Amino acid sequence: MQVVILGNGITGVSAAIALRALRPDWGITIVSGESTYHYSRPALMYVFMGHMRYQETKPFPDSFWSEQGLELVRAWVQRIDTEARVLECLGGTKIHYDRLLLATGSRSNKFGWPGQDLMGVQGLYNLMDLRLLAANAERAKRAVLVGGGLIGVELAEMLKTRGIGVTFLVRETSYWNNVLPPEESSMINELLREEGIDLRLETELGEILDDGTGRCRGVRTKGGEEISCEIVGLTAGVSPNLSALLDSGIPCGRGILVDAQLKTQVDHVWAAGDCAEIVTDGEGGNLLQQVWYTGKAQGELVAHSLAGEDVSYTPRTWFNSAKFFDLEYQVYGSVPPQKGEENQHFWLDKDRKKSLRIVEKDGRVLGIQVMGMRLRHLVCEAWLNEGKSMEYVLAHLLEADFDPEFFSRSLIREVQA
Ligand SMILES: Cc1cc2nc3c(=O)[nH]c(=O)nc-3n(C[C@H](O)[C@H](O)[C@H](O)COP(=O)(O)OP(=O)(O)OC[C@H]3O[C@@H](n4cnc5c(N)ncnc54)[C@H](O)[C@@H]3O)c2cc1C
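Numbering of residues starts from 1 in each chain and follows the order in which that chain's sequence is written. With the structure being a predicted model, the display of local features is reserved for residues of pLDDT at least 70 and the display and counting of side-chain atom pairs for 80 or more, all residues being used for whole-chain, interface and lining totals. The side-chain figures draw on all heavy atoms in the structure; neither hydrogens nor water molecules are used.

Participant: I tried to follow unusual backbone geometry on my own but got confused; where do I start?
Facilitator: Only a minority of non-glycine residues have a phi that is not negative, and only a minority of peptide bonds are not trans. One non-glycine residue, R85, lies in the positive phi region at around 55°. Helix and strand assignments come from DSSP, with helices taken as H or I runs of at least 4 residues and strands as E runs of at least 2, each series counted from the N terminus. Note on placement: R85 falls in the loop between β4 (77-81) and β5 (86-89). Buried residues are those whose accessible area, probed at 1.4 Å on protein chains only, stays under 20% of the maximum for their type, while exposed residues exceed 50% and partly exposed ones sit between those limits. For R85, a relative accessible area of 29% translates into the label partly exposed. Even without being glycine, R352 reaches a positive phi, approximately 60°. Turning to its location among the elements, R352 is positioned in the loop between β23 (343-348) and β24 (355-361).

Participant: Explain the nonpolar core to me, please; I cannot follow it from the model alone.
Facilitator: Among soluble globular proteins, nonpolar side chains are generally buried collectively. By size, the foremost hydrophobic cluster in this structure holds 47 residues, and its most contacted members are I80, L87 and L102. Sorting elements by how many residues they give to this core places helix α1 (residues 10-22) first, with five residues. Residues I164, V166, W176 and V359 belong to the second largest nonpolar core, which totals 41 residues. Each nonpolar core is a collection of buried residues, namely Ala, Val, Leu, Ile, Met, Phe, Trp, Tyr and Cys, held together in the definition by side-chain atoms within 4.5 Å.

Participant: What is the right way to read the packing of aromatic side chains from this model?
Facilitator: Any two rings among Phe, Tyr and Trp, with Trp reduced to its six-membered ring, count as a pair given centres within 6.5 Å; such a pair is stacked if its planes are under 30 degrees apart, edge-to-face if over 60, and tilted if neither. On inspection of all chains with the given rule, the structure shows twelve aromatic pairs. Judged by centre distance (5.5 Å) and plane angle (80°), the rings of F168 and Y175 are edge-to-face. With relative accessibility at 0%, the residue Y175 sits in the buried group. A connected cluster of aromatic rings, assembled from ring pairs, spans Y293, W318, F319 and Y332. The ring centre of W26 lies 5.4 Å from the NZ or CZ of R23, which sits over that ring. Look at NZ for Lys and CZ for Arg. If either is within 6 Å of the ring centre and within 35 degrees of the ring normal, a charge sits over the ring. Positioned above the aromatic ring of F48, the side-chain terminus of R162 is 3.8 Å from the ring centre.

Participant: Looking at this model, I keep getting lost on the pattern of salt bridges. Mind explaining?
Facilitator: Charged atoms that come close allow side chains of opposite charge to pair. Any carboxyl oxygen of Asp or Glu that lies within 4 Å of a side-chain nitrogen of Lys or Arg is treated as forming a salt bridge with it. Per the counting criterion, the structure on display carries 22 salt bridges. The partner of E195 in a salt bridge is K160, and the shortest N-O contact between them spans 2.7 Å. With a gap of 35 residues between them, E195 in the loop between α6 (182-194) and β12 (198-201) and K160 in helix α5 (residues 150-161) connect regions that are remote in the sequence. K160 sits in the partly exposed class, given a relative accessible area of 36%. The partner of E328 in a salt bridge is R374, and the shortest N-O contact between them spans 2.6 Å. Taken as a pair, E328 in strand β22 (residues 327-333) and R374 in the loop between β25 (364-371) and α8 (377-385) lie far apart in primary sequence, 46 residues in all. Look at E328 and you get buried, because its relative accessible area is 18%. On the basis of relative accessible area, R374 is assigned to the partly exposed category, the value being 44%. Each of the salt bridges in this network shares a partner with another, and the network as a whole consists of E207, R217, R220 and E226.

Participant: Explain the site of the ligand here, please?
Facilitator: By convention in this text, a residue qualifies as near a molecule or strand provided that one of its non-hydrogen atoms is within 4 Å of it. With respect to spatial proximity, 29 residues lie near the ligand, and among them T11, E34, R41, Y125 and D274 are the closest. Identification of polar contacts relies on pairs of N or O atoms within 3.5 Å, with a donor-acceptor requirement for protein atoms, meaning one able to donate a hydrogen and the other able to accept it, and with residues adjacent in sequence counted only if both atoms are side-chain atoms. Within the backbone of I10, an N or O atom sits 3.2 Å from an oxygen atom of the ligand. R41 is positioned such that a nitrogen or oxygen atom in its side chain is 2.8 Å from an oxygen atom of the ligand. What sets the accessible areas is the Shrake-Rupley method with a 1.4 Å probe; for residues, cover comes only from the shown protein chains. In isolation the ligand exposes 990 Å². Once the protein is present, 91% of that is buried.

Participant: Would you mind showing me how to read the environment of R20 here?
Facilitator: By secondary structure assignment, the location of R20 is in helix α1. In this structure R20 comes out as buried when scored by relative accessible area, which is 10%. A C-alpha to C-alpha distance of 8.6 Å links R20 and A303, two positions 283 residues apart in sequence. For R20, the residues in contact, after removing those within four places along its chain, are D25, W26, I28, Q68, G69 and L70. A distance of 2.9 Å separates a polar side-chain atom of R20 from the backbone oxygen of W26. Throughout, a residue-residue contact means that at least one pair of heavy atoms, one from each residue, lies within 4.5 Å.

Participant: Help me understand the pairing of β5, please; the structure alone is not making it clear to me.
Facilitator: One face of the sheet, then the other: side chains in a regular strand alternate in exactly this way. Two strands are counted as paired when DSSP detects at least two bridges linking them. Where β4 and β5 come together, four bridges link them in antiparallel fashion. Looking at β5, one finds that V77 is bridged to C89. Count of turn residues in the β4/β5 antiparallel hairpin: four residues, of which R85 carries a positive phi of about 55°. Connecting β5 to the antiparallel partner strand β6 (residues 94-96) that follows it, the hairpin turn spans four residues, and G91 within it adopts a positive phi of roughly 100°.

Participant: Looking at this model, I keep getting lost on the sheet that holds β6. Mind explaining?
Facilitator: Strand-to-strand pairing in sheets goes through backbone hydrogen bonds, with the strands running parallel or antiparallel. Ordered by their spatial adjacency, three strands build an open sheet running β4-β5-β6, and the pairing between neighbours is antiparallel. Looking at strand neighbours, the two that pair on one side only are β4 and β6, the edges of this open sheet. Each strand of the sheet is rotated relative to its neighbour by a mean of 20°, with strand direction disregarded. Inspection of the sheet shows β5 paired to β6 by three bridges, in the antiparallel sense. Opposite E88, over in β6, you have K94 as the bridge partner. Comment: axis = line fitted to C-alpha atoms, over the contacting stretch for helices; angle = value between 0 and 180 degrees taken between N-to-C directions.

Participant: Even after reading the chapter, I still don't get the pairing of strand β10 (residues 142-146), so can you show me in this structure?
Facilitator: With four of five residues buried, β10 lies mostly within the body of the structure. Relative to strand β11 (residues 165-170), β10 runs parallel, the two sharing five bridges. Across the sheet, the residue bridging to L145 is F168, located in β11. Here a crossover is taken to be right-handed if, once the strands point away from the viewer, the path from the first strand over the helix to the second is traced clockwise. Taken together, β10, α5 and β11 constitute a β-α-β crossover, and its handedness is right-handed. Relative to strand β16 (residues 231-234), β10 runs parallel, the two sharing four bridges. For V146, the partnering residue across the bridge sits in β16 and is L234.

Dropping the structure here:
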């Protein structure tokens, strides 16, 4: 049996390692165009800022793959022939498979803005983007970033370390307010301004301006204002990377459509991670999960499915974390951006750098969100899974390593009020 995995991100390599353990005698090949060896994508910013070397972003030594009997092929796949079961690569190489796992990840969104393909305009997703950014940064005094989200903040921090001024165009009335409730969103607005970022809310990109040589010289907003810059960062989210699937006959929606076993509708093809759209009939529609730990979980699960076992993907309680400059952010479970029927309890410390939000409905805590602190993942996950009440969570917050100073000063006082 020859299994080919397209993509060496966290999903592809988690699948390969788990499948090797299950099927020691199967051929397993991992194909990827970006790099020969797997590296940690979330660490890209630290390489740029000089906090890590590229070598240190690789979780496994280079010898690991051959020791595991995993063949690595560096190639860009242009076409998938599902009849012949062949991957056709740039340069003409063909790779045969018996079973195929698509783990192609995401790509940066581009919404057809005039000038979006000029030199100096780029996203931040992969190693090619990082190299481009290093080159673009050499000649830049100002960058304009488009779209408010987590990658935009990372890019702002990266550019700031090179002394490049950053203007941030955000369409919404407040930063990331389609995800964050108003209070946390305001905390980020304030933080960005304190960090010297020129944050322009309710401002949309109209066009990117050409300097006459094919390089950007600035942007014009929809309101008509011109802002000079040498870099335009397109950070308006990501979408599943379906570039290899054209003409393949593999059904896609927003992502590659798969069932709970992570199988596509084509018999010998599976998909997992950022690129997969899991078809569900539950409320909330299909599931697109585009974070690190879900890629790992789906990769490990799909290995069992590839091996022929009858398994089904059950998402863990939602978790996400990020850093806005030095401000930590963590969310567990469901914390809606707008208040609905549920009870919400929110505490903010007086310097507006730490907050805690707990969401409760029908006596069960549904979500917990913190800014400026970290909580213990397993503890919070257990509280949500066990349907603990607000009273229980408040009484046991210290078990989640909750900041004792904040706890005693602000929170207890308010709870008791
Ligand atoms: C800058 C940045 C920071 C992030 N930080 C965090 C974070 O802090 N926490 C978090 O949870 N998530 C973070 N994410 C998201 C996280 O990195 C992704 O969810 C995760 O990498 C998805 O893994 P994957 O294996 O599904 O896809 P990917 O990591 O995208 O890997 C897919 C691979 O397939 C290759 N590929 C695709 N098509 C082809 C083709 N046709 N031919 C050959 N190769 C191909 C790609 O080049 C890529 O190497 C971050 C993402 C970015 C871009």
